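# Chain and residue survey
Now for the letters of each chain:
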Amino acid sequence: MKIAFIGLGNMGAPMAANLAKAGHEVTGFDVAGASAEGVAVAESSVAAVAGAEVVITMLPNGAILRAVADEVIPAMAEGAVLLDCSTVDVESARAVASQAEAAGLGALDAPVSGGIGGAAAGTLTFMVGGSDAAFAVGKPLFDIMGQKAVHCGPSGAGQAAKICNNMILGVTMIATCEAFALADKLGLDRQSMFDVVSTSSGYSWSMNAYCPAPGVGPQSPSDNDYKPGFAAELMLKDLGLSQQAAEAADADTPMGQRALELYRSFVEDESGRGMDFSAMLPRFEKRGRG
Ligand code: NAD
């Protein structure tokens, strides 16, 4: 298949390389001049999409996605599918899909879970919104770049699933970190805390798979001085998207709101920028109730 890949950053480059390795003809473009193994680099996004059956985007945010969509949609081949894998707001996902469909193209929003490691290993999970016909076109590509693709519903449903998932993740990571800091102050050792909670009703992915306490549980960014991993500012971005969606949909999400406020102060005022999102634990360690 002839594929265009726009946005060859931390996630996009390994995803594009996996498609090329599987035998697809991949042409890429990144505004920063990035490239990826096995991928031919075009001079512009418009040049990259010429003749492509599928155009994949992996971009930082909804505003950039909308700008790229304005450029590429008029240049895409008849009947091609625009497949966006970025994490963006539901509104941008729906607007871009309508624009593509109005131009006679297919469209999918397909954000991912699994991070840079999953992108390199081809083990991402895709949460997909769009028509059955467009999903059928994307499915063989999801199978190369990932291990699971869930068709969640119409356009926007993939982004809705992603931001709900990451709101739970932000909240459970904070809860896990504050519980470790409390356990420290109660004199409970961290290994005992992990052994109990990871097999009791307080367990979660944050505790069991990505433990924020170094030296406890499986290897995670806490064992590497909290280098990301999944950066605190990306979690802040995703919590902003879930609160934006909650406001638009009139949903009451007080824990999501509190998690947003904590990650905002962590990133903006408490030197959390550039740290993994699990570095909330050393943040809590330093604090008392006042
Ligand atoms: P990144 O910043 O490394 O990559 C984004 C790339 O887009 C950059 O290389 C940038 O130069 C390029 N770009 C920006 N504007 C462009 C334009 N107009 N035309 C072409 N290229 C342009 O970010 P990333 O970590 O690869 O993340 C990409 C998306 O995936 C984000 O939406 C992020 O939220 C999501 N995501 C990231 C992770 C992760 O662990 N990094 C996990 C899941 C989802």
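Residues numbered from 1 in each chain as written. Predicted model: local features only at pLDDT ≥ 70, side-chain atom pairs only at ≥ 80, totals over all residues.

- Per an unreviewed UniProt entry, the chain goes by the name 3-hydroxyisobutyrate dehydrogenase and belongs to Salipiger thiooxidans.
- Looking at the Pathway (unreviewed entry) heading of the UniProt record, one finds this comment for the chain: "Amino-acid degradation; L-valine degradation." (UniProt positions renumbered as here; feature names shortened; annotations may be inferred.)

### Let's talk about the overall build of the chain
- Helix and strand content of the chain: twelve helices and nine strands.
- Taken over C-alpha atoms, the radius of gyration comes to 20 Å for the chain, in line with the 19 Å a tight globule of 290 residues would show.
- A principal-axis box enclosing the C-alpha atoms of the chain has dimensions of 65 × 40 × 35 Å.
- Here the chain holds 290 residues, and the buried ones make up 49% of them.
- Residue pairs at least 24 apart in sequence account for 60% of intrachain contacts in the chain once pairs closer than 6 positions are excluded. (Helix = DSSP H or I, 4+ residues; strand = E, 2+ residues; numbered from the N terminus. Rg over C-alpha atoms; globule rule 2.2 N^0.38 Å. Buried ≥ 20, exposed ≤ 12 C-beta atoms within 10 Å, placed from the backbone. Contact = placed C-beta atoms within 7 Å.)

### Some details on the UniProt feature "domain: 6-phosphogluconate dehydrogenase NADP-binding" (unreviewed entry) in the chain
- Those residues carrying the UniProt feature "domain: 6-phosphogluconate dehydrogenase NADP-binding" (unreviewed entry) are residues 2-153 in this numbering.
- For residues 2-153, the helix share is 39%, the strand share is 27%, and the end-to-end C-alpha distance is 26 Å.

### A short note on the UniProt feature "active site" (unreviewed entry) in the chain
- With numbering matched to this structure, UniProt assigns "active site" (unreviewed entry) to Lys162.
- Here Lys162 is to be found in helix 7 (residues 157-185).
- Residue class for Lys162 comes out buried when judged on the 28 C-beta atoms lying within 10 Å of it.
- Ignoring sequence-local partners within four residues, the contact set of Lys162 consists of Thr87, Pro111 and Met127.

### Notes on the domain arrangement of the chain
- Each domain of the chain was delimited in the assignment, giving domain 1 (2-154) and domain 2 (160-286).
- Distance from the C-alpha centre of domain 1 to the C-alpha centre of domain 2: 29 Å.
- Contacts between the two partners involve eight residues from domain 1 and, on the opposite side, nine residues from domain 2.
- Each residue belonging to the side of domain 1 that touches domain 2 can be placed in one class, and the counts come to four nonpolar, three polar and one charged. (Domains from an automatic or database assignment. Nonpolar A, V, L, I, M, F, W, Y, C, P; charged D, E, K, R; others polar.)

### Here we look at the nonpolar core
- Ranked by size, the top nonpolar core spans 97 residues in total, and within it Ala16, Val55, Leu82, Ala232 and Tyr263 carry the most contacts.
- At twelve residues, helix 7 tops the list of elements feeding residues into this core.
- Shared between two domains, this core holds at least three residues of each, these being domain 1 (2-154) and domain 2 (160-286).
- Filtering out sequence-adjacent residues up to four positions away, Leu82 remains in contact with Val55, Ala69, Ile73, Met76, Ala100, Leu105 and Ala107. (Core = buried A, V, L, I, M, F, W, Y, C linked by C-beta atoms within 7 Å.)

### With respect to the pairing of strand 5 (residues 81-84)
- Burial along strand 5 is two-sided: Val81 and Leu83 and Leu82 and Asp84, pointing in opposite directions, are all buried.
- Of the strand pairs in this sheet, strand 4 (residues 54-57) and strand 5 are connected by four bridges, and their pairing is parallel. Residue pairing across strands places Val54 opposite Val81, the latter belonging to strand 5.
- A crossover links strand 4 with its parallel partner strand 5, the connecting element being helix 3 (residues 62-72), and its sense is right-handed.
- In the sheet, strand 5 pairs with strand 6 (residues 106-109) via four bridges, with the strands oriented parallel. The partner of Asp84 across the bridge, within strand 6, is Asp109.
- A crossover links strand 5 with its parallel partner strand 6, the connecting element being helix 4 (residues 90-102), and its sense is right-handed. (Pairing = 2+ DSSP bridges. Right-handed = clockwise from strand over helix to strand, strands pointing away.)

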